[in-house]
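# Analysis of the macromolecular model
Listed below, chain by chain, are the residues.
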Amino acid sequence: MLKVTDLHAYYGKSHILQGVNLHVKEGEIVSLLGRNGVGRSTTVNALLGNVECHGSALYKDQEIIGLKPHQISHLGLGIVVENRAIFPTLTVRQNLALGMKKANKFGRWSYDDMFDMFSNLRERADVPAGVLSGGEQQMLTMCRTLMGDPDLIMIDEPTEGLAPKIVTQVGKLLEEIANRGVSILLVEQKLTIALKISSRVYVMGHGQIVYEGTPDELRENEQIRKEWLEV
Amino acid sequence: MIETTIFSLLNGLVYGLLLFMLSSGLTLIFSMMGVLNFAHASFYMLGAYFAYEMSIHIGFWPALILAPIAVGFAGAALERYGLRNVHKYGHVAELVFTFGIAFLIEEVVQFIWGKDQQPYNAPPLLDFPLFTLFNVDFPAYKAFMLFVSIAIFIALLVVLTKTRVGLIIQAAITHPHMVGMLGHNVPLVFMATFGVGTALAGIAGVIAAPVLGTYPGMAFDLGSIIFVVVVFGGLGSLAGAFVASLMIGIVQTFAVSFNIGMPDLLALLGLEFGADHFLVDLWTISLPQIGPLIPYLMLIIMLIFRPLGLFGSREV
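Read on for a plain summary of the structure. (Residues numbered from 1 in each chain as written. Chains lettered and ligands numbered in written order. Predicted model: local features only at pLDDT ≥ 70, side-chain atom pairs only at ≥ 80, totals over all residues. Heavy atoms only, no water.)

Right, let's talk about the overall build of chain B for a bit. Across its full length, chain B carries 14 helices and 2 strands. The globule rule puts the C-alpha radius of gyration for 316 residues at 20 Å, and the 21 Å found for chain B is close to it. With the C-alpha coordinates of chain B rotated into their principal frame, the extents come out at 70 × 50 × 40 Å. Within chain B, the fraction of its 316 residues that count as buried is 48%. The contacts in chain B between residues at least 6 apart in sequence include a share of 77% that link residues at least 24 apart. Once the 9 positive and 15 negative side-chain charges of chain B are each reduced to a mean point, those two points are 25 Å apart. (Helix = DSSP H or I, 4+ residues; strand = E, 2+ residues; numbered from the N terminus. Rg over C-alpha atoms; globule rule 2.2 N^0.38 Å. Buried < 20%, exposed > 50% of the residue type's maximum accessible area, 1.4 Å probe, protein only. Contact = heavy atoms within 4.5 Å. Lys, Arg positive; Asp, Glu negative; His and termini not counted. Charge placed at Lys NZ, Arg CZ, Asp CG, Glu CD.)

A few words on the pattern of salt bridges. Residue and element names in this part refer to chain A. Summed over all chains, the structure comprises 15 salt bridges over all chains. A salt bridge links R108 to D149, with the nearest nitrogen and oxygen atoms 2.9 Å apart. One end of the pair, R108, is in the loop between α3 (92–99) and α4 (111–117); the other, D149, is in the loop between α6 (134–147) and β7 (152–156), with 41 residues separating them in the sequence. With relative accessibility at 28%, the residue R108 sits in the partly exposed group. Judged by its relative accessible area of 25%, D149 is partly exposed. Note that D151 is salt-bridged to R108, the shortest N-O span being 2.9 Å. Note that D151 is positioned in the loop between α6 and β7 and R108 in the loop between α3 and α4, a separation of 43 residues in sequence. Judged by its relative accessible area of 19%, D151 is buried. Connected through shared salt-bridge partners, K60, R108, D149 and D151 make up one network. (Salt bridge = Lys/Arg side-chain N within 4 Å of Asp/Glu carboxyl O.)

Bringing the pairing of strand β3 (residues 29–33) of chain A into the picture now. Residues and elements named next belong to chain A. Within β3, 5 of the 5 residues are buried, leaving the element largely enclosed by the surrounding structure. Judged by which residues are buried, β3 turns out to be covered on both faces: I29, S31 and L33 on one side and V30 and L32 on the other are all buried. Sheet analysis places β3 next to strand β8 (residues 183–188), joined by 5 bridges and oriented parallel. Within β8, the position partnered with S31 by the bridge is L186. Sheet topology places β3 next to strand β9 (residues 200–205); 4 bridges connect them, and they run parallel. Bridging from a neighbouring strand, L32 pairs with Y202 of β9. (Pairing = 2+ DSSP bridges.)

Residue and element names in this part refer to chain B. The full count for this structure, using the stated rule, is 16 aromatic pairs over all chains. On the basis of an interplanar angle of 75° and a centroid distance of 5.3 Å, the ring pair of F20 and F153 is categorised as edge-to-face. Residue F20 is located in helix α1 (residues 2–33), and its partner F153 is located in helix α5 (residues 140–162); the two are separated by 133 residues in the primary sequence. Through successive ring pairs, a cluster of aromatic residues spans Y52, F60, W61, Y120, Y141 and F144. (Phe/Tyr/Trp six-rings, centres within 6.5 Å; stacked < 30°, edge-to-face > 60°.)

Across its 20 residues, helix α10 (residues 238–257) of chain B extends 29 Å between first and last C-alpha, which sits within 8% of the 28 Å expected from 1.5 Å per residue. Taken together, the buried positions of α10(B) are B:G240, B:A241, B:A244, B:S245, B:L246, B:I248, B:G249, B:Q252, B:T253 and B:A255. (Expected span 1.5 Å × (residues − 1).)

Looking now at unusual backbone geometry. Excluding glycine, residues mostly have negative phi values, and the peptide bonds linking residues are mostly trans. Residue and element names in this part refer to chain A. With phi around 55°, N104 is a residue other than glycine that occupies positive phi space. Inspection of the secondary structure assignment puts N104 in the loop between α3 and α4. Of the residues examined, N104 reaches a relative accessible area of 58% and is grouped as exposed. Its identity is not glycine, yet D149 carries a phi of approximately 55°, on the positive side.

The next thing to look at is empty space enclosed by the protein. Evaluation of the coordinates by the stated rule reveals 1 cavity of 30 Å³ or more. Computed from the structure, the largest cavity encloses a volume of approximately 60 Å³. What lines the largest cavity is A:S73, A:G76, A:L77, A:G78, A:G99, A:K101, A:T145, A:G148, A:P150, B:M181 and B:L182. Classifying every residue of the lining of the largest cavity gives 4 nonpolar, 6 polar and 1 charged. (1 Å grid on protein atoms, 1.4 Å probe; cavity = no way out; pocket = protein on both sides within 12 Å on 5 of 7 lines; lining within 4 Å. Points joined across faces, edges and corners; volume = space filled by probe spheres on them. Nonpolar A, V, L, I, M, F, W, Y, C, P; charged D, E, K, R; others polar.)

So, about the interface of chain B and chain A. Across the contact, 19 residues belong to chain B and 25 residues belong to chain A. Both sides of the chain B and chain A interface together cover about 1,800 Å² of buried area, and 66% of this is carbon and sulfur. Contact with chain A buries surface across chain B, with B:R164, B:M181 and B:L182 losing the most and accounting together for 37% of the total. At the junction of chain B with chain A, the criterion picks out 0 salt bridges. (Buried area = accessible area lost by both parts, 1.4 Å probe.)

Here is the structure:
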């Protein structure tokens, strides 16, 4: 579904991504793990055309490097960014509405699906999103992207700074997303959720993929965990 | 006194709403694209000249509709083929680019129509006093200006808050990248906003020119005031631009209509200075003399005490 080959990215003169190779198959949950600063978020940003890069990224057999963000989105590739980026002056419902690519063009998800999963959002549907708590904003960001009915969703650090109870909720949502046939590329620093739900994991270090395997294999591979993941 | 107050209030309202038509576009463009468009008032001037030229051939009323549309297309083209290419060099380059465009438009206008004021007047249909109060006439054309400005204001409000396009614009004001990643064509939204913003300036030019005059300096005369309005109201805030437009419009009109000066103030305090006092110029200054300065004074005070402006959320 997504096949990234030899992706290089640069911030000015710094060579951040040094040939990243990875792929996500249909219906798969894949995690991209690694410590801060190894290039996980840069990988996502490069795929979306937000960072200067070269290499190849085929999504549904179409090259997306060089496309504009809205064109990539229309191919069915969704993104949940790390900094949440909710629209603070718009209400929760309006935020969700803008997730849809056309007015009232529903796909796998409806407003009620979102409100059933997160009752907080239903209660606050007509409140400006700027006043929501951090956890609620994270929910809203994920729901907003889902409203656009992506076939693959890239999620950057969805649990960062959230209370344990909300982390559990996020985990449930990720499973629900997968149940509806949406593939997930989960970009994470912590292993908690990632190892529980992923079918495969990649570990990044110094701008490259340094390990690929199943969650069970990674659990057993103490050397990789010590060298590239544990603080 | 009462008649001066009533007429100043009405004139201030007309002038204030005119300022809003200009500042709303400027502030929308700034908040969304980060571009402080120095050429904004030049589109106001283009509106006036286009309407003048069209009115000769097709009459006032069709020109009223067509001139702003033509200005909007010119604005959209400027964004699409000019600013979009300059964007990658940063905001300073964009600023210098729009600055250059302002001069270019002024030169082109002078080249085509000359330096003299053009005889662009209110149509005969509206050339009568609407009402007379205390022996002073209020021209119907000013009421028409008021009506058009209010209609535009309401239309803008409805589009921005009630339509999907309006929501996309509001969202793009704070997070343009995210809007793009959700599948909305942000460059197109930018171009349309630039087009509509400049078209609003065009409408302002079309309806204001019969009163304020159609001459090559008209952009410069109003240009600095609309920057004051936008900064005073808070960069990027439409509500701020609205309140600031009305405030500055009314304050400026009152300042030129009330002939009170330092001598009156000093007399109140029981002071009097002879005509040979070395500060005589200062002691005899009057409100109409310093009227044009007041908006700038307000701006300076605002920047000292609240750099965000009235309703702004980011530093200037």
